[in-house]
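Here's the letter readout for the chains.
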Amino acid sequence: MSLYDDAVLVLKGYEDQDELRQTYLDHLAAHPDGMWKACHAGHVTASALVVDPEHGRVLLTLHRKLRMWLQMGGHCEPGDATLAAAALREATEESGIPGLTLLPGGPVRLDRHPIPAPCHWHFDVQYAALAPGGVAHAISDESLDLRWFAYDEVPEVADDSVVRLLEGTRARL
């Protein structure tokens, strides 16, 4: 099964945000290359909010280009077999934390947001990743900083999409 096929199956099985979910499916139907950064009409991305439920906190990255506190995530790569694998790869690369596991149940949320030209949209499929206890994180080249925030601190530092992702994650925990 291709990454494209996996994405379509994941989105068809996602049972929330019906209108936005359909927008994702329509985009992929119109753009067979819609999984890749080269698709200038927009492309699917995969992200994961790294959570430590035992301590009531999340790990956010200060994105180098956007200069915003965000969850880990980014573009799909040819070696990614599934959207979940892409989200887990991105979370591991950007956090430096080995042994992350995705929260069961598939994506937590969808978030479509505009990006600078030449592309137009990121169709982000958002997961949550559980951090194992007692492991250190490491800042990647894509980050200016990496920091744990208590759940109640997130609205003070992050945008609404991260806050909604945290709310969805906490509801699932």
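Presented here is an overview of the structure given in this document.

Reading guide: rules and limits
Residues numbered from 1 in each chain as written. Predicted model: local features only at pLDDT ≥ 70, side-chain atom pairs only at ≥ 80, totals over all residues. Heavy atoms only, no water. 1 Å grid on protein atoms, 1.4 Å probe; cavity = no way out; pocket = protein on both sides within 12 Å on 5 of 7 lines; lining within 4 Å. Points joined across faces, edges and corners; volume = space filled by probe spheres on them. Helix = DSSP H or I, 4+ residues; strand = E, 2+ residues; numbered from the N terminus. Axes fitted to C-alpha atoms, helices over the stretch in contact; angles between N-to-C directions. Parallel < 35°, antiparallel > 145°, perpendicular 65-115°, else oblique. Left-handed = near helix turned anticlockwise from the far one by under 90°. Contact = heavy atoms within 4.5 Å. Nonpolar A, V, L, I, M, F, W, Y, C, P; charged D, E, K, R; others polar.

Moving on: the layout of surface pockets. When its volume is computed, the largest pocket comes out at roughly 890 Å³. Contributing to the lining of the largest pocket are 33 residues, with His-63, Leu-66, His-75, Ile-115 and His-122 lying nearest its centre. Of all the secondary structure elements, the ones that give two or more residues to the lining of the largest pocket are strand E1 (43-52), strand E2 (57-63), strand E4 (72-75), helix H3 (83-95), strand E6 (109-114) and strand E7 (121-130). Among the elements that line the lining of the largest pocket, the one with the most residues is E4, at 4 residues.

Further remarks concern the packing of helix H1 (residues 3-13) against helix H2 (residues 18-30). Contact pair H1 / H2: the axes reach a minimum separation of 10 Å and the direction vectors enclose 155 degrees. The angle between the axes of H1 and H2 places the two elements in the roughly antiparallel class. When the axes of H1 and H2 are compared, the crossing they make is left-handed. Of the residues in H2, those in contact with Tyr-4, Ala-7, Val-8, Leu-11 and Lys-12 of H1 are Arg-21, Tyr-24, Leu-25, Leu-28 and Ala-29. Grouping the amino acids of the contact of H1 with H2 by side-chain chemistry returns 8 nonpolar, no polar and 2 charged.

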